[in-house]
Amino acid sequence: MAKPAALSPLAIYGMGRFGNALAGALRAAGKPPARTGGRDPGPAALLHKLKPGTIIMLSVRDDALAQVAAEFARLPGCKRFAFVHACGAWGPELLQPLAKAGAKTGAFHILQSFPPQGGASRVAGSWCCLAGPKPLLAKLRSLALALQTHPLELPDSARPAYHAAAVLASNALVAILAQSRDLLLDAGLEPEAAGAMLIPLVMGTLQNVAELGPEKALTGPVARGDYMTLRRHLKAMNRSQALAYRKLMVLTTAFAEKSRRITHSQARALRAVLFD
Ligand SMILES: NC(=O)c1ccc[n+]([C@@H]2O[C@H](COP(=O)([O-])OP(=O)(O)OC[C@H]3O[C@@H](n4cnc5c(N)ncnc54)[C@H](OP(=O)(O)O)[C@@H]3O)[C@@H](O)[C@H]2O)c1
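Residues numbered from 1 in each chain as written. Predicted model: local features only at pLDDT ≥ 70, side-chain atom pairs only at ≥ 80, totals over all residues.

Overview of unusual backbone geometry
Turning to step 1, where the next piece is worked out: Going from Asp-40 to Pro-41, the amide bond is cis rather than trans, its omega being 15 degrees.
Turning to step 2, where the next piece is worked out: Checked against the element boundaries, Pro-41 lands in the loop between strand 2 (35–37) and helix 2 (43–47). (Helix = DSSP H or I, 4+ residues; strand = E, 2+ residues; numbered from the N terminus.)

Written as structure tokens, this is what we have:
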């Protein structure tokens, strides 16, 4: 295997969840960022005295990237640097103003959900999707390895599906857990118990998925073809809860049938309740 490229200095612009986690992980790896910054004091101050060839991570909100890229692109000398963003759904094309100004551009997306503070410890072990022209890609790969992530080069065409998968696995899971907690609260459980009791269940489920794969991990009434229990659940819910439950259980039923955990006739009986 080719030797990893030497680690380039890295500066971070945008110190929110991602920027803070990355800066903390770099410090923990003994490779602190060359400089960090944001809106105040702004792009010119960040570039000031940076070594040519420094990689500048633009970790601002996705919807601010075009404007921030244009601000950096107006600075004389920006072409001496490489700019990458941390957005999952897009490739380097988001940084077009910088590419037009002659800078190298790429993407460096750590597949993780970072908290407002203290996300550094979640970086190692995460996957990291990279994009950019060859020499920059080699440098991003070295950075990903220094952070103990799993680097993966992803073609631009795969990025929308890659990010949609991430959003389903992470963000949709959060919404489902909020809905589950609300069902417990509506049933009269104390908020502390309602907030806590689902976590060991989810952890166990994730462990099953990691160890067995989703097909064998599925437990519960759908995996048993138990339509009576689904009917009982629906009776305990309000309209909007039932709507979401039906949609998710239709998806679960299709998955159980496709993975041969239930027969076609069991799936039909479950759907009869869910579409009732
Ligand atoms: N959060 C995650 O778990 C996660 C995971 C993977 C990738 N990412 C990616 O990381 C990037 C940053 O997301 P985030 O979650 O870290 O967002 P965030 O927590 O909202 O932080 C964004 C940072 O950028 C700054 N900023 C916003 N607009 C700016 C502008 N026009 N000029 C200068 N600074 C500006 C914000 O400053 P103010 O507070 O002053 O607005 C804030 O410090 C996004 O591309 C996102 O897709 C995030």
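A word on the site of the ligand
Turning to step 1, where the next piece is worked out: Within the structure, the ligand sits among 24 residues, and Gly-14, Gly-16, Phe-18, Ala-64 and Ala-86 are positioned closest to it.
Turning to step 2, where the next piece is worked out: When residues of the shell around the ligand are traced back to their parent elements, those giving at least two are helix 1 (17–28), helix 3 (65–73) and strand 5 (104–111).
Turning to step 3, where the next piece is worked out: The element contributing the most residues to the shell around the ligand is helix 1, with three residues. (Near = placed C-beta within 6 Å.)

Examining the environment of Val-250
Turning to step 1, where the next piece is worked out: As for its position among the elements, Val-250 is in helix 12 (residues 239–258).
Turning to step 2, where the next piece is worked out: By the C-beta count within 10 Å, which is 16 here, Val-250 ends up partly exposed.
Turning to step 3, where the next piece is worked out: For the pair Val-250 and Ala-267, spaced 17 residues apart in sequence, the C-alpha to C-alpha distance is 9.2 Å.
Turning to step 4, where the next piece is worked out: Excluding residues that lie within four positions of it along the chain, Val-250 makes contacts with Arg-271 and Leu-274. (Buried ≥ 20, exposed ≤ 12 C-beta atoms within 10 Å, placed from the backbone. Contact = placed C-beta atoms within 7 Å.)

Some points on the nonpolar core
Turning to step 1, where the next piece is worked out: Counting residues in each nonpolar core, the largest one holds 46 residues, and the members touching the most others are Leu-22, Met-57, Phe-83 and Leu-98.
Turning to step 2, where the next piece is worked out: Leave out the neighbours within four places in its chain, and Leu-22 touches Ile-12, Met-57, Ser-59 and Val-123.
Turning to step 3, where the next piece is worked out: Listed in part, the eleven residues of the second largest apolar core include Val-222, Leu-230, Tyr-245 and Ala-267. (Core = buried A, V, L, I, M, F, W, Y, C linked by C-beta atoms within 7 Å.)

Here we look at the domain arrangement of the protein
Turning to step 1, where the next piece is worked out: Domain assignment breaks the protein into domain 1 (10–154) and domain 2 (161–274).
Turning to step 2, where the next piece is worked out: Summarising the inter-unit geometry, the C-alpha centres of domain 1 and domain 2 are found 37 Å apart.
Turning to step 3, where the next piece is worked out: Between domain 1 and domain 2, the contact holds six residues from the first and four residues from the second.
Turning to step 4, where the next piece is worked out: Within the side of domain 1 that touches domain 2, the residues separate by chemical class into four nonpolar, two polar and no charged. (Domains from an automatic or database assignment. Nonpolar A, V, L, I, M, F, W, Y, C, P; charged D, E, K, R; others polar.)

Topic: the pairing of strand 4 (residues 82–85)
Turning to step 1, where the next piece is worked out: Residues Ala-82 and Val-84 line one face of strand 4 and the alternating positions Phe-83 and His-85 line the opposite face, and both faces are buried.
Turning to step 2, where the next piece is worked out: Of the strand pairs in this sheet, strand 3 (residues 55–58) and strand 4 are connected by four bridges, and their pairing is parallel. Looking at the pairing, Leu-58 lines up with His-85 of strand 4.
Turning to step 3, where the next piece is worked out: Considered for its hand, the β-α-β crossover made up of strand 3, helix 3 and strand 4 is right-handed. (Pairing = 2+ DSSP bridges. Right-handed = clockwise from strand over helix to strand, strands pointing away.)

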